[in-house]
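So the chains spell out like this:
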Amino acid sequence: RGCSQRCSFCTESLTYGGGVRFHGVEYITEMVERALKQYPRVEGIYFHDNDFMLDPARVEEICRRFIETGLAKRFVWAIQARADRLEPKLLQLMREAGCIKMEIGVEAALQKNLDSVSKGTTVDTNEKALRLCRDANISVHAYILTRTQNESLEDMDCTLNWLKKNRPDTFSLHPLLRHPGSRLYQETGNNFFETNDWT
């Protein structure tokens, strides 16, 4: 649970207390084994960690356990990860262990828009992440924000061109929301939820 990042639009670090807590590798292995035994039709599992790749050594250990126990041949899995966490050797090991899909918060095709939400990544890093996943035969879903600060039609064209050029396997466009408690809400929310009915 939790996230170590402080993107201005996100409240995950507030929800979970600012730190990150992990389940142990043995516990994860046991949970997967139990799920597959109890639900024999299950073919895939989605690990909903906010930042699955935060601890590379842990990811490597999980992968090796899935391979050693034979679980890697029994199910496939998907995760969320930051673009700046990806390393070729670890991605290859993940693919061997059954990882087939990665969701990445690309957020924007222009550096000014990434900076405006304090994403802490670069356009080059996002593009490299897609290439690394492609090389490892792991598909990518790219999350893209719209309605970022001062976004123009030209910015939107850049986003569409970026998608055509970099070709994530799937993508989704999400309007930038100002969640109460987030830094973005504090800076630009105009106390909306304090002065209006929650309808």
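What counts, and at which threshold
- Residues numbered from 1 in each chain as written.
- Predicted model: local features only at pLDDT ≥ 70, side-chain atom pairs only at ≥ 80, totals over all residues.
- Heavy atoms only, no water.
- Buried < 20%, exposed > 50% of the residue type's maximum accessible area, 1.4 Å probe, protein only.
- Helix = DSSP H or I, 4+ residues; strand = E, 2+ residues; numbered from the N terminus.
- Pairing = 2+ DSSP bridges.
- Right-handed = clockwise from strand over helix to strand, strands pointing away.
- Axes fitted to C-alpha atoms, helices over the stretch in contact; angles between N-to-C directions.
- Contact = heavy atoms within 4.5 Å.
- Salt bridge = Lys/Arg side-chain N within 4 Å of Asp/Glu carboxyl O.
- Expected span 1.5 Å × (residues − 1).
- Arc of directions from axis to C-beta.

Draft legend 1. Focus on the pairing of strand β3 (residues 99-107). The element β3 is largely enclosed, with a buried count of seven among its nine residues. Relative to β3, strand β2 (residues 76-81) runs parallel, the two sharing five bridges. For Ala81, the partnering residue across the bridge sits in β3 and is Ile104. Crossover handedness for the path β2 to helix α4 (residues 88-96) to β3: right-handed. Alignment of β3 against strand β4 (residues 139-146), held across five bridges, turns out to be parallel. For Ile104, the partnering residue across the bridge sits in β4 and is Ala142.

Draft legend 2. Structural view of the sheet that holds strand β1 (residues 44-46). The parallel open sheet is built from five strands, whose spatial order is β1-β2-β3-β4-β5. Each edge of the sheet is formed by a strand with only one pairing partner; in this case those strands are β1 and β5 (170-175). Neighbour-to-neighbour, the strand axes of this sheet turn through a mean angle of 20°, independent of strand direction. Judged from the three bridges that link them, β1 and β2 form a sheet pairing that is parallel. The residue of β2 that forms the bridge with Tyr46 is Ala78. Along the sheet, helix α7 (residues 153-166) contacts β3, β4 and β5; its crossing angle with β4, the most-contacted strand, is approximately 180°.

Draft legend 3. Region of interest: the pattern of salt bridges. For the coordinates displayed, the defined rule picks out eight salt bridges. Close ionic contact of Arg64 with Glu60 constitutes a salt bridge, the shortest N to O distance being 3.2 Å. Residue Arg64 and its partner Glu60 are located together in helix α3 (residues 56-68), separated by four residues, close to a single helical turn. With relative accessibility at 39%, the residue Arg64 sits in the partly exposed group. Of the residues examined, Glu60 reaches a relative accessible area of 33% and is grouped as partly exposed. Residues Arg183 and Glu187 are paired through a salt bridge, measuring 3.8 Å at the closest nitrogen-oxygen approach. With Arg183 and Glu187 both in helix α8 (residues 183-188) and four residues apart, the pair spans about one turn of that helix.

Draft legend 4. Looking closely at α3. Between the first and last C-alpha of α3 there are 18 Å, a value that for 13 residues agrees with the 18 Å anticipated at 1.5 Å per step. Burial in α3 covers these residues: Arg58, Val59, Ile62, Cys63 and Phe66. Angular distribution of buried residues about the axis of α3 spans 135°; they occupy a single face of the element. Exposed residues lying more than 90 degrees from the buried face of α3 are Ala57 and Glu68. Packed against the buried residues of α3 are α2 (25-38), β2 and α4. Directly after α3, the chain includes Gly70, whose backbone phi takes a positive value near 85°.

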